[in-house]
Amino acid sequence: NAGVMQNPRHLVRRRGQEARLRCSPMKGHSHVYWYRQLPEEGLKFMVYLQKENIIDESGMPKERFSAEFPKEGPSILRIQQVVRGDSAAYFCASSKGNPSLNQPQHFGDGTRLSIL
Amino acid sequence: GENVEQHPSTLSVQEGDSAVIKCTYSDSASNYFPWYKQELGKGPQLIIDIRSNVGEKKDQRIAVTLNKTAKHFSLHITETQPEDSAVYFCAASMGEGAQKLVFGQGTRLTINP
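Trainee: For this particular structure, what's the right way to read the overall build of chain A?
Mentor: Of regular secondary structure, chain A possesses zero helices and 11 strands. Ordered by position from the N terminus, the helices and strands of chain A form the series β-β-β-β-β-β-β-β-β-β-β. Here chain A, with 116 residues, has 42% of them falling under the buried criterion. Counting only contacts in chain A whose residues sit at least 6 apart along the sequence, the fraction spanning at least 24 positions is 53%.

Trainee: Whenever I open this one, the sheet that holds strand S8 (residues 72-77) of chain B confuses me. Can you help?
Mentor: The strands making up a sheet associate through hydrogen bonds between their backbones, and the pairing can be parallel or antiparallel. Residue and element names in this part refer to chain B. Read from one edge to the other, the open sheet built from five strands follows the order S1-S3-S8-S7-S6, with strand pairing classed as antiparallel. Where the open sheet ends on each side, the last strands, each with one partner, are strand S1 (4-7) and strand S6 (56-59). Neighbour-to-neighbour, the strand axes of the sheet open up by a mean angle of 15 degrees, direction not taken into account. Pairing of S6 with strand S7 (residues 62-67), which is carried by four bridges, proceeds in the antiparallel orientation. Paired with Glu56 across the bridge in S7 is Thr65.

Definitions and limits used
Residues numbered from 1 in each chain as written. Chains lettered and ligands numbered in written order. Predicted model: local features only at pLDDT ≥ 70, side-chain atom pairs only at ≥ 80, totals over all residues. Heavy atoms only, no water. Helix = DSSP H or I, 4+ residues; strand = E, 2+ residues; numbered from the N terminus. Buried < 20%, exposed > 50% of the residue type's maximum accessible area, 1.4 Å probe, protein only. Contact = heavy atoms within 4.5 Å. Pairing = 2+ DSSP bridges. Axes fitted to C-alpha atoms, helices over the stretch in contact; angles between N-to-C directions.

Below is the structure:
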């Protein structure tokens, strides 16, 4: 299966700990997007990255959240000092080309983050 | 602002009947409109998309229409089947360079046998 792979599928953290969510894009895709979904709601854009570059982080909280997409390896969404409000499903999507060319975004099955 | 409104929030139809979900968007510069189906515990799955230079697109039992003047687009599912039951999301490309998708709130579709 060459789809978008996210891990872990479920992650439990205590308040104040760090959470690291990983995303491997589809083969041949170099554009990665992270979205957050609260229960019974739509997905909210967080950040758009290409290899080694953050292109648009307009949806990222100003503090505690960071994202990277290194030259080698998966994209990482990092949440420091987690709080209960961070509990959500985090989805990664990837596309083959530039969004301005309307390249479809394909999603992984998400990481469900629970904060105790 | 960047906003997509989706209606209805829940929809229940008899198997074999048609289902219609409607969305409106705020940004007149939006030029790409995908629809996603999300099943429980899964990620959104792209089912059909339409670009601003096209008014209608069809793929088997699924069709999407776009009215750019009214900033309105709709999903039509005909001959519904139980496996069509899921949450459906519309989205529109927005932001500088149309680089991100803004999603509607979702429609929970239930097909009654």
